[in-house]
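A structural walkthrough
These are the residues of each chain, in order.
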Amino acid sequence: MSDTKAAVQSPLLPTYARADVAFVRGEGAWLEATDGSRYLDFGAGIAVCALGHSHPRLVNALIEQGRKLWHVSNLFRIPEAEALGGRLVESTFADYVFFTNSGAEAVEGAIKTARKHHAANGNPERFRLITFEGAFHGRTLATIAAGGNPKYIDGFGPKVEGFDPVPFNDIDAVRAAIGPHTAGVLVEPIQGEGGVRTPAPGFLRQLRELCDEHGILLVADEVQSGMGRTGKLFAHELMGVTPDVMAVAKGIGGGFPLGAFLATRKAANGMVVGTHGTTYGGNPLAMSVGLAVLDEVLAPGFLESVARKGLAMKQRLAALKDQYPNVIAEVRGEGLFLGLRLHVNNGEFAAAARAEHMIVIPAGDNVVRLLPPLVIEENEMSEAIDRLEKACKRVIAAAAGASAGASA
Ligand SMILES: *Cc1c(COP(=O)(O)O)cnc(C)c1O
C-alpha cells in the first residue's frame, strides 16, 4: 500500500452511515446476519425485494437465463424485453417502455421524454417541470435538482436548470407556477423518502386537470410506489388518474437492478431513433427476472392480498399508536407502503427496532417506513407488531434513562 493512501476502515466511499450489520442469506421476509441471527425485514432493500428474498421463481428465472444469455446490447432485438415491455404496456396507460438499470435513470428518461415532447411539437422553450417540496427522484445531477433537497445539491456545481418546486398538496401554487416554459408536472403519487406522504384526496386528479388545461404532461415517479406496493399495480390507479409518462424501478426487478420509463405514444413523440440510449438497460438477464416478478405480481389475487394485508397492518399499527401515543404520532400510507411518523427520533427508533431484529427504514418528516416484501405472511405481520411494540418500550426506557441521567 502506498503511504500516500489514507488508512481507511472500508474501501467504500463513505457516503453512507451504515449500520454495523451484514447479511449472508435471506428467505421470504427474513434475513440472516453474519452472526447467524435472523432479522424480520420490513425494509425489503428499500421497497425493492417485492417478492422477498430467494423467491424460487425468481431464482429459477435468473439461473435459467444465466445459463443461456446475459447481454447483447440494444443494437439487437431482445425478445425478453419485448415480452416484458408488452406486458407492462398491456397493464398500464402506456404505449411504450424504455428499460433502465435504476430509478434515477428512469426518472431522467421521463424528464427527457417530457422535454422532447414539447421540442418535437415546436415548443423547445417548454422544458421546465413543476416539482414538489419533500420529493425524491434520485441522485444524478438532474434528479437532485428535481428533488430539490439542498443536502444533495450543494457543492456539486451549477444546479440543473428547469425545476420549479412548490409545496406538496398545494394546487394553487401549482397553478401559479405554470408558465410559457412549463413542460409538465413531476410528482410521486405518494412521496416515499419524503416520509410516506399521501396527497390530499383529489390532488392528483386536480394536477391531471391542470395539465390537460395547459397542454402539459403529468409525469409520475412511481419508482417506490409502483409494482404492487400500494395494492394496485401503480399508485396512480388508487387515485383514478393516469399520467402521460411514468418512471418505475425498485420493485420491478425484485432485487435485480432494473428500472423503466413508460409513456403514451403522444407524450413519447420526440423520442425517435438516436435520441436516447443505454448499454445495459433491458438486457436478457434483467428482463427474465423482471418477467418473473411481473408474473407473480399480476397473478390472480396477488394485488388484492397486498391491499388486504396492508389494511390489516394499518389497523394494528393504529392500535399500537393508541397504546404508545408518546412514541407514534401518526400511521401513514396505502397497502404495504406504510410509515410511522414519530415523536421520538426516527433514527433512534430504527436502531431500537434493529435491536429487536427487525428492519425498518427512516424517511423524511421523522418517519420510519414499513416496506415488507409483498409476500409477507399473517404470522410475520403479528411478529412485526410484537417487535415494534418492544422497540417502543426500548425508546421509552432509553428516554427515561436519559432524563434520569440528566436530572441526577
Ligand atoms: C429510490 C427512488 C428513486 C431513485 O432510484 P435509484 O434506483 O436509487 O436511482 C427515484 N424516485 C423515487 C420516488 C425513489 O423512491
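What comes next concerns the included structure.

**A few points about the overall build of the protein chain**
Looking only at helices and strands, one finds 13 helices and 15 strands in the protein chain. Against the compact-globule benchmark of 22 Å for 408 residues, the protein chain has a radius of gyration of 22 Å, which places it among compact chains. Seen through its C-alpha atoms, the protein chain measures out along the principal axes to roughly 70 × 60 × 55 Å. When burial is assessed residue by residue, the protein chain has 51% of its 408 residues classed as buried. If you take every contact in the protein chain between residues at least 6 apart in sequence, the share linking residues at least 24 apart comes to 74%.

**Remarks on the pairing of strand E1 (residues 23-27)**
In this structure, E1 lies alongside strand E2 (residues 30-33), joined through four bridges in antiparallel fashion. In the strand pairing of E2, Arg25 is matched with Glu32. Counting the residues in the hairpin turn of E1 and E2 gives two residues, including Gly28, whose phi is positive at 60°.

**Looking at helix H10 (residues 284-297)**
In this model, H10 (14 residues) spans 20 Å end to end at C-alpha, consistent with the 20 Å of a helix rising 1.5 Å per residue. In terms of residue burial, H10 counts as a mostly covered element, since 13 of its 14 residues are buried.

**Notes on the packing of aromatic side chains**
Summed over the entire model, instances satisfying the criterion amount to six aromatic pairs. Aromatic pair Phe23 and Tyr39: ring centres 5.4 Å apart, planes at 80°, arrangement edge-to-face. Of this pair, Phe23 sits in strand E1 while Tyr39 sits in strand E3 (residues 38-41), and the two are 16 residues apart along the sequence. Centre to centre, the rings of Phe136 and Tyr152 are 6.0 Å apart; their planes meet at 85°, and the pair counts as edge-to-face. Here Phe136 is found in the loop between strand E5 (128-132) and helix H5 (141-147), whereas its partner Tyr152 is found in helix H6 (residues 150-153), with 16 residues between them in sequence.

**Quick look at the packing of helix H3 (residues 79-91) against H10**
Orientation of H3 relative to H10, taken along the N-to-C sense of each, is 30°, at an axis distance of 8 Å. In this structure, H3 meets H10 at a crossing whose hand is left-handed. Judged by residue contacts, Glu80, Ala81, Ala83, Leu84, Arg87 and Leu88 of H3 engage Pro284, Met287, Ser288, Gly290, Leu291, Leu294 and Asp295 from H10. Among the residues making up the contact of H3 with H10, the classes are represented as eight nonpolar, two polar and three charged.

**Observations concerning the site of the ligand**
As a structural note, the neighbourhood of the ligand is formed by Ser102, Gly103, Ala104, Phe136, His137, Gly138, Glu188, Glu193, Asp221, Val223, Gln224 and Lys250. A distance of 2.7 Å is found between an oxygen atom of the ligand and a side-chain nitrogen or oxygen belonging to Gln224. Between the ligand and Lys250 there is a distance of 2.6 Å, counted from an oxygen atom to a side-chain nitrogen or oxygen. Within the complex, the protein chains bury 81% of what would otherwise be the 380 Å² of accessible surface of the ligand.

**As for the nonpolar core**
Among the nonpolar cores identified, the biggest contains 64 residues, and Phe42, Leu317, Val327, Phe349, Val360 and Leu370 are the most heavily contacted of them. Among the elements that take part in this core, H10 stands out by supplying eight residues, more than any other. Three or more residues apiece are contributed to this core by two domains, here domain 1 (3-54 + 300-379) and domain 2 (56-297). Residues contacting Phe349, with those up to four places away along its chain left out, are Val327, Leu342, Val344, Val368, Leu388, Ala391, Cys392 and Val395.

**Side note on the sheet that holds E2**
Spatially, E1-E2-E3-E13 is the arrangement adopted by the four strands of the open sheet, whose pairing is mixed. Strands with a single pairing partner mark the edges of an open sheet, and in this sheet they are E1 and strand E13 (358-359).

Reading the values: rules and limits
- Residues numbered from 1 in each chain as written.
- Predicted model: local features only at pLDDT ≥ 70, side-chain atom pairs only at ≥ 80, totals over all residues.
- Heavy atoms only, no water.
- Helix = DSSP H or I, 4+ residues; strand = E, 2+ residues; numbered from the N terminus.
- Rg over C-alpha atoms; globule rule 2.2 N^0.38 Å.
- Buried < 20%, exposed > 50% of the residue type's maximum accessible area, 1.4 Å probe, protein only.
- Contact = heavy atoms within 4.5 Å.
- Pairing = 2+ DSSP bridges.
- Expected span 1.5 Å × (residues − 1).
- Phe/Tyr/Trp six-rings, centres within 6.5 Å; stacked < 30°, edge-to-face > 60°.
- Axes fitted to C-alpha atoms, helices over the stretch in contact; angles between N-to-C directions.
- Left-handed = near helix turned anticlockwise from the far one by under 90°.
- Nonpolar A, V, L, I, M, F, W, Y, C, P; charged D, E, K, R; others polar.
- Near = heavy atom within 4 Å.
- Polar contact = N/O pair within 3.5 Å; in protein donor to acceptor, adjacent residues only side chain to side chain.
- Areas by Shrake-Rupley, 256 points an atom, 1.4 Å probe, with all protein chains shown as cover.
- Core = buried A, V, L, I, M, F, W, Y, C linked by side-chain atoms within 4.5 Å.
- Domains from an automatic or database assignment.

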